[in-house]
Amino acid sequence: MTDPSKGPRPNPGSQPLLAEEDLFSGVGRLQGSSLFLGRYSLAEVIAVLAHKNFFKEAKKRDLWPLDYSVDSSEYPLQRFQIFYKRSAPENVIVDLKIKEGRLQVKNHLTLGLSSRQYRVLVFDWLTLQNPLLDFGPNRTPLPGQEHPGLGLSRKVIDIFTYLARLMKMDGMLAFPAYFHNAVLFSKFFCFVNPDKAGEIESIRRDFRRVSLKKLAWIVHWGCLRDKAGRPYEWTAEEQIFPLSRPLRRHFRHQIYKMKARYSFRRHHYAIDWECFRAKAAGIPGLLK
């Protein structure tokens, strides 16, 4: 890291560094790239992690003590990392690239929106993993994974929802790098484009009995075919966790729902199982 920031280390069983009413007492007072999101000290971030029971969950997984790093060299884009024991690439638990940005809604998608620009927290990259665990025949990876996940995606989303509301953001925005990211994020986020929402749901519909892990690799390897027999290529589009009323209204709009349903019914896919089996032979346990 070019600008690592070290903070106090919470001790097991200790009280949060700041009382709840003191969290972010300096909001609006301090601004600058050395602070997380230009607002918060590392001590305040650690206090929120404690307040939201992140440390409790880390201890359950034997991931204790923790170390931290904030890299602001590309500000406003910042990289926040949490490590097991010490700051080292092999010890990464959370790897987050985030910034405050604006959602520029395309003209043909401004369904029920009073404006085309909205303030959002942008997740440029997010990795959650347990560096103490490895993959093997009984635990196969998803595309892009180096270690098994933490199982804390809901907790992390809750933490950043808390921050986004404090910052009076309209929502949170993600660009899912992989197909399976989009599916997993869909538990919390919605595609701004209803056609994309219907496309993803149609794939899940056509292959209800195929595990997400297998389906993720099928898409990643180009073994999914559209009606014309062409390989399906994953392209990322904006997913939003709406917080403000105007953005929530967008996803409740009847035209949005109608377009999503039309896309859902129009798309159909088939799996080239020969393609999948040939490629899956190199990953233990994936063909089970």
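This text goes with the structure placed above it.
What counts and what doesn't
- Every chain begins its residue count from 1, and numbering advances along the sequence as written.
- Under the rules for a predicted model, residues below a pLDDT of 70 receive no local features and side-chain atom pairs below 80 are neither given nor counted, while totals for whole chains, interfaces and linings still include all residues.
- Computation of side-chain values: all heavy atoms of the structure, hydrogens and water removed.
- Nonpolar cores were defined as sets of buried Ala, Val, Leu, Ile, Met, Phe, Trp, Tyr and Cys residues, with membership established by side-chain atoms within 4.5 Å.
- Burial classes follow relative accessibility: with a 1.4 Å probe on protein chains only, a residue under 20% of its type's maximum area counts as buried, one over 50% as exposed, and anything between as partly exposed.
- Each helix corresponds to a stretch of at least 4 residues labelled H or I by DSSP, and each strand to a stretch of at least 2 residues labelled E; elements are numbered beginning at the N terminus.
- Residues count as neighbours in contact if any of their non-hydrogen atoms are within 4.5 Å of one another.
- Paired strands are those between which DSSP finds at least two bridges.
- Axis lines are fitted to C-alpha atoms, over the contacting stretch for helices. Their N-to-C directions set the angle, which ranges from 0 to 180 degrees.
- When an angle is under 35 degrees it counts as roughly parallel; over 145 it counts as roughly antiparallel; between 65 and 115 it counts as roughly perpendicular; any other value is oblique.
- Gly falls in the polar group here, along with every residue not listed as nonpolar (Ala, Val, Leu, Ile, Met, Phe, Trp, Tyr, Cys, Pro) or charged (Asp, Glu, Lys, Arg).

Side note on the nonpolar core
In this structure, Phe 36, Phe 54 and Phe 160 are the most contacted members of the largest nonpolar core, which totals 43 residues. Elements with a minimum of two residues in this core: α1 (42-51), α2 (54-60), β1 (66-74), β2 (77-84), β3 (92-104), β4 (117-128), α3 (153-166) and β5 (171-174). When residues in this core are grouped by element, the largest group, six residues, is from α3. Apart from the residues within four sequence positions on either side, Phe 160 is in contact with Phe 36, Leu 96, Ile 98, Leu 121, Phe 123 and Met 172. Listed in part, the 36 residues of the second largest apolar core include Leu 173, Trp 234, Ile 271 and Ala 280.

Re the sheet that holds strand β8 (residues 239-242)
The strand order across the open sheet built from seven strands is β1-β2-β3-β4-β5-β8-β6, with neighbouring strands paired in mixed fashion. The open sheet terminates on both sides in strands that have one partner only, identified here as β1 and β6 (190-191). Relative to β8, β5 runs antiparallel, the two being bridged by four bridges. Counterpart to Met 172 in the pairing with β8 is Phe 241. Helix-sheet contacts for α1 involve β1 and β2, and the interaxial angle to β1 is about 130°. Helix α7 (residues 245-252) contacts β3, β4, β5, β6 and β8 of the sheet and is inclined by roughly 120° relative to β8.

Overview of the packing of α7 against helix α8 (residues 254-266)
Where α7 contacts α8, the two axes come as close as 5 Å, and the packing angle between them is 45°. With respect to α8, the element α7 is oriented oblique. Between α7 and α8, the residues in contact are His 250, Phe 251 and Arg 252 and Gln 254, Tyr 256 and Lys 257, respectively. Looking at the contact of α7 with α8 residue by residue, the classes come out as two nonpolar, two polar and two charged.

A word on helix α6 (residues 212-220)
The buried fraction of α6 is high, at seven of nine residues. Inspection of α6 places Leu 212, Lys 214, Leu 215, Ala 216, Trp 217, Ile 218 and Val 219 among the buried residues, and these make up the whole buried set. Taken together, the buried residues of α6 touch α4 (179-185), α5 (194-206), β7 (224-225), β9 (270-271) and α9 (273-280). Directly beyond the C-terminal end of α6, a positive phi value near 75° is found at Gly 222.

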